[in-house]
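Residue-level structure breakdown
Residues per chain, in single letters:
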Amino acid sequence: MINLIKAVDSNNELRIAITDTTQIVQTAHNIHNTSATASAALGRTLTAVALMGAWLKNENDSLTISINGDGIAGRIIAVSNSKGDVKAYMNNPLADLPVKNSKLDVSGIIGHNGTIEVSYDLGMRENYNGQSAIVSGEIAEDLAHYYFTSEQIRTAIALGVLVDTDLNIKSAGGFIIQLMPNASEETIVKLEEALKNIGSISEVILKEKSLEKVLNQLFSEFEIQIVEERKIKYNCDCNRERIESVLLSLGKEEIQSMIDEDDGAEVICHFCNKKYNFNADSLSKLINR
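Residues numbered from 1 in each chain as written. Predicted model: local features only at pLDDT ≥ 70, side-chain atom pairs only at ≥ 80, totals over all residues. Heavy atoms only, no water.

**Quick word on the side chain of T21**
Position of T21 relative to the elements: it lies in the loop between strand 2 (14-20) and helix 1 (22-32). Using a relative accessible area of 1% as the deciding quantity, one classes T21 as buried. Residues within four places of T21 in sequence aside, it is in contact with T47, A172, G173 and I232. (Helix = DSSP H or I, 4+ residues; strand = E, 2+ residues; numbered from the N terminus. Buried < 20%, exposed > 50% of the residue type's maximum accessible area, 1.4 Å probe, protein only. Contact = heavy atoms within 4.5 Å.)

**Remarks on the packing of aromatic side chains**
Enumeration according to the criterion identifies four aromatic pairs in this entry. Centroid distance Y120 to Y128: 5.7 Å. Interplanar angle 45°. Geometry classified as tilted. The exposure class assigned to Y128 is partly exposed, which follows from its relative accessible area of 38%. Directly above the aromatic system of F222 lies the positively charged group of K190, at a separation of 4.8 Å from the ring centroid. (Phe/Tyr/Trp six-rings, centres within 6.5 Å; stacked < 30°, edge-to-face > 60°. Lys NZ or Arg CZ within 6 Å of the ring centre and 35° of its normal.)

**Focus on the layout of surface pockets**
Approximately 860 Å³ is the volume attributed to the largest pocket. Considering the residues around the largest pocket, the lining is formed by 31 residues, among which R44, K103, E138, L159 and G160 are closest to the centre. Contributions of two or more residues to the lining of the largest pocket are made by helix 3 (106-110), helix 4 (140-150), strand 8 (155-163), strand 9 (169-179) and helix 6 (201-208). Considering only residue class, the lining of the largest pocket consists of 16 nonpolar, seven polar and eight charged. (1 Å grid on protein atoms, 1.4 Å probe; cavity = no way out; pocket = protein on both sides within 12 Å on 5 of 7 lines; lining within 4 Å. Points joined across faces, edges and corners; volume = space filled by probe spheres on them. Nonpolar A, V, L, I, M, F, W, Y, C, P; charged D, E, K, R; others polar.)

**Description of the sheet that holds strand 1 (residues 4-9)**
Spatial strand order, 8-9-2-1-10: five strands in an open sheet with antiparallel pairing. Since the sheet does not close on itself, it has two edges, and those belong to strand 8 and strand 10 (224-230), each with one partner. Sheet twist, expressed as the average angle between the axes of neighbouring strands with direction ignored, equals 15°. With five bridges connecting them, strand 1 and strand 2 associate as antiparallel partners. (Pairing = 2+ DSSP bridges. Axes fitted to C-alpha atoms, helices over the stretch in contact; angles between N-to-C directions.)

**A word on helix 6**
Side chains of residues three or four places apart in an α-helix project in the same direction, reflecting 3.6 residues per turn. For helix 6, the complete set of buried residues consists of I201, S202, V204 and I205. When helix 6 is viewed along its axis, its buried side chains cluster within an angular range of 160° and face the same direction. Where helix 6 ends, the next residue or the one after it, K209, has phi of about 70°, a positive value. (Arc of directions from axis to C-beta.)

See below:
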């Protein structure tokens, strides 16, 4: 099923990515057993990384968002790649607070102080890293602020997650719309007016179902041209070889202590909760390597 669309306006003054991440956020909830508010926070971050990753160009490119607030959620990490795979985890998936103003209090568990970091792995010798301050804890506003301060791109972002009473995900999704350098004042004013009339993006996605219809409904004042449709999914690419590399990076003494103290080791992937078991013999082979 197509769940992400990239588009431009007819004058190439705007570029848009819009996505329905309902199933992706549901998968994350199932893996991490998130509370209602944690589902909303993690889901918004997953939606954002999917949208931002949509513009990656090369096969092995990837992008990581790290939200480091002072709230009870702790750190949130989300990763996407050019293939349409996304994954995420948070330090405290049970973080929850009472509803505030009839909405899940995402900013309350994220916190109002801290940083957002974005790292692009584009196959160069070093990653491109950017950072900005958390301005609200609502994630969408924080990432729009990041784009403006770190990448000098005027950006509007909407992210939403609807959580049902049984904690399953009713709807999730969002969009990123960016002004190109040649954007006219008329286009900017028209976009500002369009954004004023947009309510809850997750409610719109729940009601409309068709992502193309959502796109055309939200930006009906523009002549929109779809440039790509793609499928994104929650997919963790961990494997035993990568876990071995992590253990090797710890050094001989640390691995030996695992043998001496526990006669082995169990490593759990943060993103998918898959367990990798290493007995004393397999750890000894790592030391020999």
